[in-house]
Amino acid sequence: MTVHLEVAEGVGTIRLDRPPMNALDVAVQDRIKELAEEAARREDIRAVVLYGGEKVFAAGADIKEMQAMDHTAMVLRSRALQDSFTAVARIPKPVVAAVTGYALGGGCELALCADYRIAADNAKLGQPEILLGLIPGAGGTQRLARLIGPSRAKDLIFTGRMVKAEEALGLGLVDRVVPAAEVYPQAHAWAAKLAQGPALALRAAKESVDAGLETDIETGLAVERTWFAGLFATEDRERGMRSFVEEGPGKAKFQ
């Protein structure tokens, strides 16, 4: 298989494994969707890491495969392409991208689907589709602009330039830069810590933020209000408040 799902400590790692560059061909895209949906529904997975291995996250689409596709073929394929990445973005659990080496084109778009991004100090990210006479087609024009703002996103998309890790950090494209050997351990530790948290509250937080970004503030506040009140029906809420009163903050153990 070109993509694997490995589980440890409540963390599911979706691991791209298509050497040498983890090119995202149709088979990889479909497999990503399949495993994202599996990670979403499995109760033993409480958080997710996206990882391409020690050398590269994903260098983009399989250009030779795309070159053979005409307009009709891409009309039929483009929704499935987007759906595979959207399946990752909609995992109702914390998701962190562990970015090593190149994260270009579809690789950058896949990282954008995570809630948090930890990059190696030698990582390079970008949306070079314009250099092929194209635009990003797996969510890049939408998720990148929402993450770093429209003018910065347009700069990267219009020029197709790659940015190194430190610039990516300054842009807000990644959230932490660490030595390459520490990327996966730190990403897994981030996920493992959250895997011990209150699962439904984490889902509520993620869906409230994501839904609010897609609508006006009044609708967003209604989403938040509904989730907030609903959490008062959960055992985790009872456990968390009881622990706070009896033991002080930050000591609750959630199931």
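Description of the structure in this document.

1. As for the environment of Tyr 51
Part 1 of the argument: Topologically, Tyr 51 is positioned in strand 3 (residues 47-51).
Part 2 of the argument: Classification of Tyr 51 by relative accessible area gives buried; the value is 12%.
Part 3 of the argument: Expressed as a C-alpha distance, the spacing of Tyr 51 and Pro 94, which sit 43 residues apart in the sequence, is 14 Å.
Part 4 of the argument: Those residues in contact with Tyr 51, other than ones at most four positions away along the chain, are Thr 13, Ile 14, Arg 15, Leu 16, Phe 57, Ala 98, Thr 100 and Tyr 184.

2. Re a nonpolar patch on the surface
Part 1 of the argument: Together, Met 21, Tyr 102 and Met 162 make up an exposed nonpolar region whose accessible area comes to about 250 Å².
Part 2 of the argument: In this fold, Met 162 is placed in strand 8 (residues 162-164).
Part 3 of the argument: Under the relative-accessibility criterion, Met 162 is labelled partly exposed at 41%.

3. A look at the layout of surface pockets
Part 1 of the argument: In this structure, the largest pocket spans a volume of roughly 930 Å³.
Part 2 of the argument: Looking at the largest pocket, it is lined by 31 residues, and the ones nearest its centre are Ala 89, Leu 112, Arg 143, Asp 210 and Glu 214.
Part 3 of the argument: Secondary structure elements with two or more residues in the lining of the largest pocket: helix 3 (71-89), helix 5 (140-148), helix 8 (183-195) and helix 9 (199-213).
Part 4 of the argument: Top contributing element to the lining of the largest pocket by residue count: helix 9, with 8 residues.
Part 5 of the argument: Of the residues belonging to the lining of the largest pocket, the class tally is 16 nonpolar, 4 polar and 11 charged.
Part 6 of the argument: Reported here for the second largest pocket is a volume of approximately 560 Å³.
Part 7 of the argument: Lining the second largest pocket are 32 residues, and of these Ala 61, Met 66, Leu 81, Glu 129 and Leu 134 lie nearest its centre.
Part 8 of the argument: Every element with two or more residues in the lining of the second largest pocket is listed here: helix 1 (26-41), helix 2 (63-67), helix 3 and helix 4 (106-112).
Part 9 of the argument: Of all the elements, helix 3 adds the most residues to the lining of the second largest pocket, at 6 residues.

4. Comments concerning the pattern of salt bridges
Part 1 of the argument: Throughout the structure, instances matching the rule amount to 13 salt bridges.
Part 2 of the argument: The salt bridge involving Glu 167 is made with Arg 161; its shortest N-O contact spans 2.7 Å.
Part 3 of the argument: For Glu 167, a relative accessible area of 34% puts it in the partly exposed group.
Part 4 of the argument: Measuring nitrogen to oxygen at the nearest pair gives 3.0 Å for the salt bridge that ties Glu 207 to Arg 203. On the criterion of helical spacing, the pair formed by Glu 207 and Arg 203 is a turn pair, its members being 4 residues apart in helix 9.
Part 5 of the argument: For Glu 207, a relative accessible area of 28% translates into the label partly exposed.
Part 6 of the argument: Residue class for Arg 203 comes out partly exposed when judged on its relative accessible area of 35%.
Part 7 of the argument: Connected through salt bridges with shared partners, the residues Arg 18, Asp 25 and Asp 62 form a single ionic network.

5. Considering the pairing of strand 4 (residues 95-99)
Part 1 of the argument: Along strand 4, 5 of the 5 residues are buried, which leaves the element largely enclosed by surrounding structure.
Part 2 of the argument: Side chains of strand 4 alternate between two faces, with Val 95, Ala 97 and Val 99 and Val 96 and Ala 98 buried alike.
Part 3 of the argument: Across 4 bridges, the pairing between strand 3 and strand 4 is parallel. Across the sheet, the residue bridging to Leu 50 is Ala 97, located in strand 4.
Part 4 of the argument: As paired strands, strand 4 and strand 6 (residues 116-120) are joined by 4 bridges and run parallel to one another.

Each value, and the rule that gives it
- Residues numbered from 1 in each chain as written.
- Predicted model: local features only at pLDDT ≥ 70, side-chain atom pairs only at ≥ 80, totals over all residues.
- Heavy atoms only, no water.
- Helix = DSSP H or I, 4+ residues; strand = E, 2+ residues; numbered from the N terminus.
- Buried < 20%, exposed > 50% of the residue type's maximum accessible area, 1.4 Å probe, protein only.
- Contact = heavy atoms within 4.5 Å.
- Patch = residues over 30% accessible without salt bridge, like charges linked within 9 Å, V, L, I, M, F, W, Y side chains within 5 Å.
- Areas by Shrake-Rupley, 256 points an atom, 1.4 Å probe, with all protein chains shown as cover.
- Salt bridge = Lys/Arg side-chain N within 4 Å of Asp/Glu carboxyl O.
- 1 Å grid on protein atoms, 1.4 Å probe; cavity = no way out; pocket = protein on both sides within 12 Å on 5 of 7 lines; lining within 4 Å.
- Points joined across faces, edges and corners; volume = space filled by probe spheres on them.
- Nonpolar A, V, L, I, M, F, W, Y, C, P; charged D, E, K, R; others polar.
- Pairing = 2+ DSSP bridges.

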